[in-house]
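# Structure assessment
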Amino acid sequence: MVNYSAETAQKILSPVPYAQGFHFYMPDGHFTGETATSLCTFLRDIESVDAQSIKFHFERDDFQKWIRNIIKDEELANRIDKLGKKLPEETLQQHLVEVVQKRISELQHIG
């Protein structure tokens, strides 16, 4: 695991502009109405958004791309990459929640 400075951890946890937020969609293309603008709101959304939306985005690597490119947390993106693509929707959703919760907790305890 990379050692992050308190400043880097704070940047990763900081909100991004709405336009750069993660917009959740269903497989048929309609917007769920949920947009995450930070890891904390992302966690809240992955707990409540329809499991089909979670599976849809996960299979396309959307979460990892957003976390890697917008949130700038390579560590979390890599952990999500390791989750199995064949997990059932509800199991996937639960695993995602656990991985993101753990990462937020780690970042909050840096510094």
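Residues numbered from 1 in each chain as written. Predicted model: local features only at pLDDT ≥ 70, side-chain atom pairs only at ≥ 80, totals over all residues. Heavy atoms only, no water.

Check the secondary structure of the protein chain and you find 6 helices and 2 strands. Starting at the N terminus and walking to the C terminus, you meet the elements of the protein chain as α-β-β-α-α-α-α-α. Taken over C-alpha atoms, the radius of gyration comes to 13 Å for the protein chain, in line with the 13 Å a tight globule of 111 residues would show. When the backbone C-alpha atoms are referred to their principal axes, the protein chain occupies close to 40 × 30 × 20 Å. The proportion of buried residues among the 111 residues of the protein chain is 46%. Residue pairs at least 24 apart in sequence account for 61% of intrachain contacts in the protein chain once pairs closer than 6 positions are excluded. Surface exposure of the protein chain reaches about 6000 Å², of which carbon and sulfur atoms provide 52%. Of the side chains in the protein chain, 13 bear a positive and 17 a negative charge, and the two mean positions are spaced by 6 Å. (Helix = DSSP H or I, 4+ residues; strand = E, 2+ residues; numbered from the N terminus. Rg over C-alpha atoms; globule rule 2.2 N^0.38 Å. Buried < 20%, exposed > 50% of the residue type's maximum accessible area, 1.4 Å probe, protein only. Contact = heavy atoms within 4.5 Å. Areas by Shrake-Rupley, 256 points an atom, 1.4 Å probe, with all protein chains shown as cover. Lys, Arg positive; Asp, Glu negative; His and termini not counted. Charge placed at Lys NZ, Arg CZ, Asp CG, Glu CD.)

Here we come to a nonpolar patch on the surface. Together, Y18, Y25 and F31 line one region of the surface with nonpolar side chains, adding up to about 300 Å² of accessible area. Following the sequence through the fold, Y25 ends up in strand β1 (residues 22-25). (Patch = residues over 30% accessible without salt bridge, like charges linked within 9 Å, V, L, I, M, F, W, Y side chains within 5 Å. Salt bridge = Lys/Arg side-chain N within 4 Å of Asp/Glu carboxyl O.)

A few words now on the packing of helix α4 (residues 62-71) against helix α5 (residues 74-81). Two numbers describe how α4 lies on α5: the axes approach to 8 Å, and their chain directions differ by 170°. Overall, the two elements α4 and α5 adopt an arrangement that is roughly antiparallel. Helix-helix and strand crossings are classified by hand; for α4 and α5 the assignment is left-handed. Each of Q64, I67 and R68 in α4 lies in contact with α5, whose residues at this interface are E74, L76, A77, N78, I80 and D81. By residue class, the composition of the contact of α4 with α5 is 4 nonpolar, 2 polar and 3 charged. (Axes fitted to C-alpha atoms, helices over the stretch in contact; angles between N-to-C directions. Parallel < 35°, antiparallel > 145°, perpendicular 65-115°, else oblique. Left-handed = near helix turned anticlockwise from the far one by under 90°. Nonpolar A, V, L, I, M, F, W, Y, C, P; charged D, E, K, R; others polar.)

Non-glycine residue D61 carries a positive phi angle of around 65°. Turning to its location among the elements, D61 is positioned in the loop between α3 (51-59) and α4. Although it is not a glycine, K72 sits at a positive phi angle of roughly 70°.

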